[in-house]
Amino acid sequence: MEMIVTRAGFLTSVQDLGRTGFREFGVSTSGALDPFALRVANLLVGNYEGAAGLEITLGGLQLRLNDERIVAWCGGEFEVQIGSRSLPAGHVARSQAGDELKFRPPQIGCRGWLAISGGVDVPIVLGSRSTDLRANFGGFDGRALRDGDVIPLGPRPGSPIPATRISSWTAPHDWVSPARPNPILRFVRGMDWTRFNASSLQRLTSEPFTVSPDSDRMGVRLTGPELSRAANVDLISEAVAPGTVQVPPSGQPILLLGDCQTIGGYPKIAHVITVDLGIAAQLRAGDRVRFSEVPLGDAHRLLLQRERALERFRIGLTLRNP
């Protein structure tokens with residue numbers, strides 16, 4: 001019950017829904033940068049939603065499965081093959097022993113999440129199987145995967161998926177393919193919103209920003225119009241979280257992602273809403289992105305609507321004939 005990494009690609013790591021409850025001790029959340037995408041992929045293959053899978057960055061991954069499994073993936077516009085067959089995002093494939101699964105570089109976006117029935121069976125560290133790439137623990141030996149790694153898989157669960165090779169049906173498109181050209185990220189005001197001058201606040205929502213190559217799982221650095229504070233005063237470090245937009249002295253914002261630090265002293269101008277974090281996770285160097293403000297009530301409503309839709313989808317899967 002294992003799979004072999006014949007080619008690890010640019011950056012592939014074991015991730016689940018993250019390591020919660022330890023931020024007060026300085027431990028980052030880690031986990032899939034788009035937890036919702038991983039939840040959907042896990043449901044598709046019959047796993048519980050928090051099972052560990054693989055996060056693939058910029059493709060190049062090639063795996064060999066050593067026994068029969070059900071697989072599905074969500075994320076950017078990758079070309080994925082299982083054996084000689086194409087596997088689109090959000091569709092389900094039943095693999096045979098010896099089948100190879102390949103992720104080629106994406107046309108749009110940069111990350112994908114692969115779920116395999118049974119899940120990736122690495123040790124649980126602080127309540128999670130996620131890889132903390134900065135602290136080098138969790139996941140598979142606390143690091144990104146390498147060529148030749150043998151990854152253990154859990155026992156195959158009972159699955160509602162028919163015994164077809166590749167399903168003709170799929171999950172909703174926006175769930176399985178969140179990457180898009182020239183995205184707009186919705187946000188609510190950060191606690192330091194009033195520390196910025198009026199022209200900077202106007203530029204945040206009216207002008208595009210470009211993703212810097214100096215970006216990673218910790219955060220997306222953006223270049224564009226300078227965001228200036230009304231007064232340059234030192235701030236006390238306070239809690240930050242994935243989605244927080246900080247502005248360092250350079251005036252160029254940083255959008256924090258799953259591996260972000262737990263506290264920060266830069267002013268927090270905004271916070272990207274939860275339902276748009278999957279879009280943020282697809283940003284890669286050179287992409288242009290805009291920001292749009294929404295009321296806090298809308299952020300709550302959109303999240304609740306998505307959870308209700310996921311519950312209906314979950315029920316629908318259980319009603320399919322095995």
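Residues take numbers from 1 onward in each chain, read along the sequence in its written order. Totals for whole chains, interfaces and linings use all residues, but because this is a predicted model, local features are given only for residues with pLDDT of at least 70 and pairs of side-chain atoms are given and counted only at 80 or more. Values shown for side chains rest on all heavy atoms present in the structure; no hydrogens or waters enter the calculation.

Caption draft 1: Seen up close, the sheet that holds strand β4 (residues 61–65). Taken together, the six strands give an open sheet; going across it, the order is β7-β6-β9-β4-β1-β11, and neighbouring strands pair in antiparallel fashion. Both outer strands of the open sheet, β7 (85–86) and β11 (150–152), are each paired with one neighbouring strand and no more. Any two strands are treated as partners once DSSP identifies two or more bridges connecting them. Secondary structure elements are defined from DSSP: runs of H or I of at least 4 residues count as helices, runs of E of at least 2 residues count as strands, and each element is numbered from the N terminus.

Caption draft 2: How the structure looks around the environment of alanine 89. Within the secondary structure, alanine 89 sits in the loop between β7 and β8 (93–95). Buried, partly exposed and exposed residues are distinguished by accessible area as a fraction of the type maximum, computed with a 1.4 Å probe on protein chains only: under 20%, between the cut-offs, and over 50%, respectively. The class for alanine 89 is buried, based on a relative accessible area of 12%. In this structure, the C-alpha to C-alpha distance between alanine 89 and tryptophan 175, residues 86 residues apart in sequence, is 9.5 Å. Look past the residues within four positions of alanine 89 in its chain and what remains in contact with it is Trp73, Thr170, Val176 and Ser177. Contact criterion: two residues are considered in contact whenever any of their non-hydrogen atoms come within 4.5 Å of each other.

Caption draft 3: Just the pairing of strand β19 (residues 268–272), in detail. With four of five residues buried, β19 is to be regarded as a mostly interior element. Where strand β12 (residues 184–189) meets β19, three bridges bridge the pair, whose relative direction is antiparallel. Paired with arginine 189 across the bridge in β19 is alanine 270.

Caption draft 4: Spotlight on the environment of alanine 97. Looking at the element boundaries, alanine 97 is found in the loop between β8 and β9 (100–103). A sequence separation of 30 residues divides alanine 97 from aspartate 67, and the C-alpha atoms of the two residues are 4.0 Å apart. Among residues more than four places away in sequence, those in contact with alanine 97 are Leu65, Asn66, Asp67 and Glu68.

Caption draft 5: Molecular detail of unusual backbone geometry. One non-glycine residue with positive phi stands out, namely serine 30, at about 55°. Within the secondary structure layout, serine 30 lies in the loop between β2 (11–15) and α1 (35–45). A positive phi is found at leucine 126, a non-glycine position, where the angle reads about 50°. Position of leucine 126 among the secondary structure elements: in the loop between β10 (111–116) and β11.

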